[in-house]
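What follows is each chain in one-letter form.
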Amino acid sequence: MVLIGVLLIMIGFVLRFNSAVVVTVSALVTGMIAGIPITSIITQFGEAFTTNRYMSILIVTLPVIGLLEKNGLQQQASKVVSKIKAITVGRVLTMYLLIREVGAALGLNSLGGHPQTVRPLIAPMAEGAALSKYGKLPEKEQQEIRAHAAATDNIGLFFGEDIFVAVGAILLMNGFFEQNNIPADPISMALWGIPTAIFAFIVHAIRLRMFDKKLDKRLGSRDQ
Amino acid sequence: MIFSVEMIYVLMGIIVLGCSLYIFTDRTNSRRLTTGSFYLIYSITLMFGKIIPPFYIGLMVIIMVLIIAGGGLKKSEHVEESITVKEERRKRLGGRLFLPAILIPILTLAGSKLLDGVKIGGKALLDPSNVTMVALGLACLTAIIFAMVMTRGTPAGAVKESRRLLESIGWAVLLPQLLATLGTIYTNAGVGTVVSKAVTAIIPEGSLFWVVVIFCLGMAIFTMIMGNAFAAFPVMAAGIAIPFLINQFDANPNHIAAISMFAGYCGTLMTPMAANFNIVPAALLDLKDKNHVIKVQVPTALAVLAFNIVLMYLLVSLGV
């Protein structure tokens, strides 16, 4: 019965209703089906909303990023990259993937992020690379490049961070096994993440190369 | 402690409050009252979340969602400055524009690594409950002062620019917090137990390969439903990993842990429920399709998921 809430979410996302509304309705419905009194649901709502304020930390970066953007940060990022010869969208993003993944593996999670790095720097750099190579950048391709920039940040972060021993995920799993009296070792857990981390890098780097080829085909190189 | 997490929330609240004041007075926005109220309420929940009783915060959240549902949240028209004006400004500062932007990660790293555990007069300098967040907040504060001096900007100007960005993110700014709330309600309502029962019911006990497949797929799917691999692990590990993989097939728990969390992350890459990673960036980058980032991620996620299944199967069956 409680799965009705999950079903509501899926229907809502498929029919493209506003996600914030769908999520709230699903939470209320799920709570009521489970027999939690409505006042208690609202209280739990408020409690969870407050505890999870850290999720909205991006707000604190807005004044700096906004001010720098007003003064041409994105244009400057794009300009710097366009001066490098043989630069391509795929190469810019593969380089960022490497930095992001290795950084996360060393525990440097705060090295990147969407509001502070992708929007002001990485996306404009990738767009700059496309502009200098093709001399033009239609909206459709611009949107794809931006989506790739955001995806690169996520993939680098996710498959890098579990290589670092003191990350939340590793500590959580170790704690869980301890509770169940199963001997486990955080260092070994982190090390056994390395094969997947390398595989993820290779796969995504190949996909970025293919993305370059696709752009070449669609936009044609300027030198040709 | 000297710098607490609450201070950073108050700082976030002040930024949003400033944005709401600008919106209230913007006559070009036909819905300035409801839009302004949305951000005003949001800023109150950020600043005073610890003080206001949770029931009232819950009501405020519902009011915000009602404003969204009723179409009361309208983006203001922002006059895009011409390329020549921006180019002029860019030329003035050039490469120096990078400094404040780079200052944020550098100061955050330095703060969270070097100042963690530092005490002044017996008080912790940075809130031990979330050092990284406090470090990021202080780094941004330093960077904004630096940026204002460099660009000869004012605090009002900085708030005005924040408003432009905040409005371009729109209602998506609320989504990560709402989804975390949904996760809590799901847990309290017992959704996790139901899902794990359904999954364990279809387990073919004798076949190691299929147990591994269902375990890894289960991690990914559960994560897609809950939006968070952390919530999936205890449920799936208790339901499948311990009774079948570890007790029956003698798998090494360290291998299982490392690979299963990555299988969960493959799910994170494919779900709108992980709004912070997938939906908010789409809004931040002005993408027309809110699922565009997810669409780009799916092929990589599926390839890595398949790799995880094969790797886990090989490690367990070879008894490495």
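Since this is a predicted model, take the numbers as computed values, not measurements.

Participant: Explain the overall build of chain B to me, please; I cannot follow it from the model alone.
Facilitator: Each helix and strand in chain B was counted, giving 14 helices and two strands. C-alpha extents for chain B along the principal axes are approximately 70 × 45 × 45 Å. By sequence separation, contacts in chain B at least 24 residues apart represent 71% of the contacts at least 6 residues apart. Put simply, chain B shows about 13,100 Å² of open surface, and 68% of that area lies on carbon and sulfur atoms.

Participant: What's the story with the packing of aromatic side chains in this structure? I'm lost.
Facilitator: How two aromatic rings sit relative to each other is set out by the distance from centre to centre and by the angle between their planes. Here the structure, examined in full by the defined rule, presents 13 aromatic pairs over all chains. Measuring from centroid to centroid gives 5.2 Å for F209 of chain B and Y313 of chain B, while their planes differ by 90°, and the two rings are edge-to-face. Taken as a pair, F209 of chain B in helix 10 (residues 208-226) and Y313 of chain B in helix 14 (residues 292-318) lie far apart in primary sequence, 104 residues in all. Residue classification places F209 of chain B among the partly exposed residues on the basis of a relative accessible area of 33%. With a centroid separation of 6.1 Å and 65° between ring planes, the pair formed by F262 of chain B and Y265 of chain B is classed as edge-to-face. Of this pair, F262 of chain B and Y265 of chain B both sit in helix 12 (residues 253-268), separated by three residues, roughly a single helical turn. Since its relative accessible area comes to 0%, F262 of chain B is described here as buried. Of the residues examined, Y265 of chain B reaches a relative accessible area of 5% and is grouped as buried. The structure contains a cluster of three or more aromatic residues connected by ring pairs, namely F158 and F159 of chain A together with F262, Y265 and F277 of chain B.

Participant: I would appreciate a short explanation of the interface of chain B and chain A in the present structure.
Facilitator: Contact residues are listed per partner, giving 129 residues for chain B and 108 residues for chain A. Taken over both partners, the interface formed by chain B and chain A buries close to 10,600 Å², and the fraction arising from carbon and sulfur atoms is 75%. The tally of links between chain B and chain A comes to four salt bridges. Salt-bridge contacts for E69 of chain A lead to R164 of chain B; the nearest nitrogen and oxygen are separated by 3.4 Å. Taken together, chain B and chain A are joined by 31 residue pairs in polar contact (both at pLDDT 80 or more).

Participant: Got a minute to help me understand the domain arrangement of chain B in this structure?
Facilitator: Note on interface size: it is often stated as the accessible area lost on association of the parts. All names here are of chain B. Domain annotation for chain B reports domain 1 (5-175) and domain 2 (190-318). Domain 1 and domain 2 are separated by 34 Å when their C-alpha centres are compared. In this assembly, four residues from domain 1 lie in contact with six residues from domain 2. In this structure, the connection of domain 1 to domain 2 is made through zero salt bridges. On the surface where domain 1 and domain 2 come into contact, there are zero residue pairs in polar contact (both at pLDDT 80 or more). Split into classes, the residues belonging to the side of domain 1 that touches domain 2 amount to three nonpolar, one polar and no charged.

Participant: Looking at this structure, I do not really get the nonpolar core. What am I missing?
Facilitator: Side chains of a nonpolar character, in soluble globular proteins, are inclined to be buried together. Within the largest apolar cluster, 147 residues are counted, with the highest numbers of intra-cluster contacts made by F159 of chain A together with L245 of chain B. Grouped together as the second largest cluster of nonpolar side chains are 24 residues, I122, I145, A150 and A151 of chain A included.

Participant: How should the pattern of salt bridges be read in this particular structure?
Facilitator: A side chain of one charge can pair with a side chain of the opposite charge if their charged atoms are brought near each other. Residue and element names in this part refer to chain A. In this structure the tally under the stated criterion is 16 salt bridges over all chains. Of the charged contacts in the structure, one is a salt bridge between R119 and E69, with a shortest N-O distance of 2.6 Å. A residue pair is termed long-range when its members are at least 10 positions apart, and R119 in helix 7 (residues 114-134) and E69 in helix 4 (residues 62-70) qualify at 50 residues. Accessibility classification places R119 together with E69 in one group, the buried group.

Participant: Could you clarify how one ought to interpret the domain arrangement of chain A in this entry?
Facilitator: One can read the domain layout of chain A as domain 1 (3-55) and domain 2 (72-219). Here the C-alpha centroids of domain 1 of chain A and domain 2 of chain A sit 32 Å apart.

Participant: What am I meant to see in the packing of helix 7 of chain A against helix 8 (residues 139-161) of chain A here?
Facilitator: Axis angle and axis distance: for two packed helices, these are the angle between their axes and the distance between the axes, and together they describe the pair. All names here are of chain A. Here helix 7 crosses helix 8 at 135°, and the two axes come no closer than 9 Å. The angle between helix 7 and helix 8 falls in the class oblique. Remark: the crossing between helix 7 and helix 8 carries right-handed chirality. Residues H114, V118, I122, A123, A126, E127 and A130 of helix 7 form the contact with helix 8, whose participating residues are Q142, I145, R146, A149, A150, D153 and N154. By residue class, the composition of the contact of helix 7 with helix 8 is eight nonpolar, three polar and three charged.

Participant: Quick question: what am I supposed to make of the packing of helix 8 of chain A against helix 14 of chain B here?
Facilitator: Look at helix 8 of chain A against helix 14 of chain B: their axes get within 8 Å of each other, and the N-to-C directions meet at 45°. Comparing the axis directions of helix 8 of chain A and helix 14 of chain B gives the class oblique. In this structure, the crossing between helix 8 of chain A and helix 14 of chain B has a hand that is right-handed. Within the contact between the two elements, helix 8 of chain A uses Q143, E144, A147, H148, A150, A151, N154, I155 and F159 of chain A and helix 14 of chain B uses H292, V293, V296, Q297, T300 and V304 of chain B. The residue inventory of the contact of helix 8 of chain A with helix 14 of chain B, partitioned by class, reads eight nonpolar, six polar and one charged.

Participant: Explain the environment of C19 of chain B to me, please; I cannot follow it from the model alone.
Facilitator: When you line up the elements, C19 of chain B lands in helix 1 (residues 5-24). Not counting the four nearest positions on each side in its chain, C19 of chain B is found in contact with V159, S162, R163 and L166 of chain B.

Participant: For this particular structure, what's the right way to read the side chain of T152 of chain A?
Facilitator: Residue and element names in this part refer to chain A. Mapped onto the elements of the fold, T152 is located in helix 8. T152 sits in the buried class, given a relative accessible area of 0%. In this structure, T152 is in contact with L93, Y96, L97, H204 and L208, ignoring residues within four places of it in sequence.

Cut-offs used in this document
Residues numbered from 1 in each chain as written. Chains lettered and ligands numbered in written order. Predicted model: local features only at pLDDT ≥ 70, side-chain atom pairs only at ≥ 80, totals over all residues. Heavy atoms only, no water. Helix = DSSP H or I, 4+ residues; strand = E, 2+ residues; numbered from the N terminus. Contact = heavy atoms within 4.5 Å. Areas by Shrake-Rupley, 256 points an atom, 1.4 Å probe, with all protein chains shown as cover. Phe/Tyr/Trp six-rings, centres within 6.5 Å; stacked < 30°, edge-to-face > 60°. Buried < 20%, exposed > 50% of the residue type's maximum accessible area, 1.4 Å probe, protein only. Buried area = accessible area lost by both parts, 1.4 Å probe. Salt bridge = Lys/Arg side-chain N within 4 Å of Asp/Glu carboxyl O. Polar contact = N/O pair within 3.5 Å; in protein donor to acceptor, adjacent residues only side chain to side chain. Domains from an automatic or database assignment. Nonpolar A, V, L, I, M, F, W, Y, C, P; charged D, E, K, R; others polar. Core = buried A, V, L, I, M, F, W, Y, C linked by side-chain atoms within 4.5 Å. Axes fitted to C-alpha atoms, helices over the stretch in contact; angles between N-to-C directions. Parallel < 35°, antiparallel > 145°, perpendicular 65-115°, else oblique. Left-handed = near helix turned anticlockwise from the far one by under 90°.

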